[in-house]
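Coordinates in review
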Amino acid sequence: MSPSRSILLVGEGNFSFSASASQLYSESETSITATCLQHQEEALRHEGAASNIQTIKDSGGTVLFEVDCTKLEECASLQGRVFDRVVFNFPHCGRKSGVKKNRELLKNFFLSCVQVLAEDGEVHVSLCNGQGGTPADQPKREWHNSWQVAAMAAEAHLILSAVHPFESERYHNYKCTGYRSQDKGFHVEKGLLHVFSRGLPYTSGQTLKVEEAVEGEKVQYNIPAELSDFIFRRFLCPDSVHPVKLVQDFVLEGLAEKWLVSMTTETIPYLLTAKQLQTCCCDSDGTHCYWIHLLEKDFSSDAQTSTEREEDQGCADARETPSASCVTSEKVDRMRSKGVECLRSACSIDVDPEGESGLYLLRPSLLPQMEELLTKKEKLIDNAGSNEENNESEGNRKDEASEGCNGVTSLFGVSGVVFRNVPISLWSLPAYHELLLRGVSTPEKDPVKSLGHKLETLLAPYGVSLVAEQGGLRLMAQPMGLVGKLFASDNNVSITVSLNLDLLAVLLFSLPDWRLLWSHDPRFLKQFSLRPSPGTPFGPFSLFPEHFSFDISFWTGPIWEEKKFHAVVREASRGTVEQVKLIDMFSHPDLSQTSYCYRLIYHSHTHALSHTQALQFHQHLESLLSSRLQVTIR
């Protein structure tokens, strides 16, 4: 144990551990408060108790009797006090109590101790090997035959932060007692110390009003509540140490070794028109888009503009890389005009630009903005006037310098969050950061091969493989599947790279869950404060979180939109549902109604998720489904 300002020990028997801890920390400013459930006279009957109590008092500690560790808030001597650490060694209900009673003891202890625990405090619980029910127990007991310590702690919003061997040798005079309410000790030789800390409270999604300029017109709209935590997060700011930013830097720096790379610093809107999407024909399925209805114009309201939010936060979602270069008019023209061919070759959405001109959607890709940014660059360069010749001359020199890089002369990029209205599953991300790069090449070269080889060199060590397809390459990895694409225009003059930075961050830093990337817990970003290199494994701050499975069944009318169901699930569960599976469906022949039964798996690496909390989320889901989708819960 590391020194703390104040330590509360509960459930002491002969006070030998407290006495040893008092001596261990005698040279520090740590204060010890040792408590036991028994009356003083009864406690003194334990062998060595009197001398241990005297040792604690001589070291400046406090000893309290008749303190129930499941009702610490009721102890008058503890009123108004908080502790940096609460310690409970080898808890047991006494005599031949079963696992259920001991689970209840743990749960009630955790619920009580958080009342006297400092905000950044820790709870230490030592258990005999096998009792905890975590993978750290070897051999591990069957789940139903364990004390389920992590699940019991989650009931008090505590997460299991670490598990260590119980170091009884550090406490020289420690003598474990209390086995079956006797002076006999427990088997502590392979005991485990479980360290718990507070998890962040859950926050509900809020519908956010956003104001943006789309195609020169100011519009206002609402971000759906289930997406509110995915915007304005600043992950790609210049000073960011978020793993998504580290992955982007890693890729760009690798590519900059062979090509001139520039990234836009311009803030781009989240909103697109259907016409913009159809014009660029990006690789997006219209059924997986978040279609948006504009609000009535009221620009006197407190709607947050994306530009203002980014300026308040001191950054935009992209920046110039250290190896950035100017893009000349000739390059821009080649990227823009010839790049349209490769974009249209990937088109999978059929939208009538005239009939759908009034529809808006959250950007499913950055391809439409890429086209517009290249057009703006071309106009700026054309307006440069007398400087154009100098810029062109310098650009030609850069082209000549990079002409030997397997034909690709330069790369221009943009990055930011994109949105996909996809069903809930382990590796389906409703929002992620896309890095989009556009390059130009001489017609006689093979840009797909050269750029693909470089990406393979960078990413293959982390499990990414390249699979050839018509017109390009797919970047694949297990278990998530597609993590990027690389495709060229029909005449091989323009090449586009699209990378899913979130999934790449999961791979490069061995994250157990992509949802960790969106965590607000400071313990997540703390691990990346020193900008670790790719391949450095992430150390989870929440160990062995439990899975909870609940089924939900309901009757619907003749029309059922499953994507609305998934949206409500995301909102009601605060993002804790990681899988949704349809397990049964029945259509009534006479009532024009259909019954659906889904199985939901609740699981969180970012918060303390207990059975009680998961059940509350599930009951809230039933309520929202009834009120919003007009279903009848069965």
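This structure is a prediction, so every number in the text was calculated from the model and none was measured.

1. A short note on the sheet that holds strand 14 (residues 360-362)
- In spatial order, the strands read 11-14-12; together these three strands make up an open sheet with antiparallel pairing. In this open sheet, the two strands that pair with only one neighbour each are strand 11 (271-273) and strand 12 (291-292).

2. A few points about the nonpolar core
- Core analysis: the biggest nonpolar cluster contains 81 residues, and L255, L362, F419 and V483 have the highest contact counts within it.
- Residue contributions to this core peak at seven residues, all from helix 13 (residues 501-508).
- Judged by nonpolar contacts, the second largest core, of 34 residues, contains F110, V114, A153 and L543.

3. Re the pairing of strand 2 (residues 31-35)
- Counting buried positions over the five residues of strand 2 gives four, a clear majority of the element.
- Looking at chain direction, strand 1 (residues 6-10) and strand 2 are connected through four bridges and run parallel. By the bridge assignment, L8 is partnered in strand 2 with T33.
- What joins strand 1 to strand 2 is helix 1 (residues 16-24), and the crossover it makes is right-handed.
- Two elements, strand 2 and strand 3 (residues 62-64), share three bridges in a ladder whose sense is parallel. Directly across from T35, in strand 3, lies its bridge partner L64.

4. Remarks on helix 1
- Most of helix 1 is tucked away, with seven of its nine residues classed as buried.
- Residues of helix 1 that are buried: S16, F17, S18, A19, S20, A21 and S22.
- Each element contacted by the buried residues of helix 1 is listed here: strand 1, strand 2, helix 3 (49-58) and strand 4 (83-89).

5. Some points on the confidence of the model for the protein chain
- Taken over all residues, the pLDDT of the protein chain has a mean of 85, while the share at 70 or more is 82%.
- Confidence drops under pLDDT 50 across residues 310-314; counting only partners more than four residues distant or on other chains, this segment forms eight contacts.
- Across residues 390-404 the pLDDT falls below 50, and counting only partners more than four positions away or on other chains, this stretch makes 16 contacts in the model.

6. A word on unusual backbone geometry
- The omega angle of the peptide bond from Q138 to P139 is 0°, so this bond is cis rather than trans.
- Structurally, the position occupied by P139 is in the loop between strand 5 (117-127) and helix 5 (149-154).
- Here the phi dihedral of Q148 falls at roughly 55°; this positive angle occurs in a residue that is not glycine.
- With respect to the element layout, Q148 can be found in the loop between strand 5 and helix 5.
- On the basis of relative accessible area, Q148 is assigned to the buried category, the value being 11%.
- Even without glycine at this site, S592 takes up a positive phi of about 55°.
- By the secondary structure assignment, S592 is in the loop between strand 22 (577-587) and strand 23 (594-602).

7. Observations concerning the packing of helix 15 (residues 562-572) against helix 16 (residues 611-628)
- With their axes 9 Å apart at the nearest point, helix 15 and helix 16 run at an angle of 140° to one another. What the angle tells us is that helix 15 and helix 16 run oblique. For the pair helix 15 and helix 16, the sense of crossing is right-handed. For the pair helix 15 and helix 16, contact is made by F565, V568, V569, E571 and A572 and by F617, H620, L621, L624, L625 and R628, respectively.
- Tallied by class, residues from the contact of helix 15 with helix 16 come to eight nonpolar, one polar and two charged.

8. Structural notes on helix 4 (residues 99-113)
- When the terminal C-alpha atoms of helix 4 are compared, their 21 Å separation across 15 residues agrees well with the 21 Å that a helix rising 1.5 Å per residue should span.
- Here helix 4 has its buried residues at V99, N102, R103, L105, L106, F109, F110, S112 and C113.
- Where helix 4 is buried, its residues contact strand 1, strand 4, strand 5, helix 5, strand 6 (158-165) and strand 7 (192-198).

9. Comments concerning the packing of helix 6 (residues 243-256) against helix 13
- At a minimum axis distance of 9 Å, the contact between helix 6 and helix 13 shows a crossing angle of 90°. One finds that helix 6 runs roughly perpendicular with respect to helix 13. Taken together, the residues of helix 13 that come into contact with helix 6 (itself represented by P243, V244, V247, Q248 and F250) are L501, D502, L504, A505 and L508.

10. Notes on the packing of aromatic side chains
- A full pass over the atoms with the stated rule returns 29 aromatic pairs.
- Taken together, a centroid distance of 5.3 Å and an interplanar angle of 80° make the contact between F17 and Y174 edge-to-face. Placement of F17 in helix 1 and of Y174 in the loop between strand 6 and strand 7 is noted, with a sequence separation of 157 residues between them. Of the two residues, F17 and Y174, neither departs from the other in class, the shared state being buried.
- With centroids separated by 5.4 Å and ring planes inclined at 55°, the aromatic side chains of F524 and F538 adopt a geometry described as tilted. In this pair, F524 sits in helix 14 (residues 522-526) while F538 sits in the loop between helix 14 and strand 21 (548-556), placing the two residues 14 residues apart along the sequence. For the residue pair F524 and F538, the accessibility class agrees, reading buried in each case.

Conventions and cut-offs
Residues numbered from 1 in each chain as written. Predicted model: local features only at pLDDT ≥ 70, side-chain atom pairs only at ≥ 80, totals over all residues. Heavy atoms only, no water. Pairing = 2+ DSSP bridges. Helix = DSSP H or I, 4+ residues; strand = E, 2+ residues; numbered from the N terminus. Core = buried A, V, L, I, M, F, W, Y, C linked by side-chain atoms within 4.5 Å. Buried < 20%, exposed > 50% of the residue type's maximum accessible area, 1.4 Å probe, protein only. Right-handed = clockwise from strand over helix to strand, strands pointing away. Contact = heavy atoms within 4.5 Å. pLDDT = per-residue confidence, 0-100. Axes fitted to C-alpha atoms, helices over the stretch in contact; angles between N-to-C directions. Parallel < 35°, antiparallel > 145°, perpendicular 65-115°, else oblique. Left-handed = near helix turned anticlockwise from the far one by under 90°. Nonpolar A, V, L, I, M, F, W, Y, C, P; charged D, E, K, R; others polar. Expected span 1.5 Å × (residues − 1). Phe/Tyr/Trp six-rings, centres within 6.5 Å; stacked < 30°, edge-to-face > 60°.

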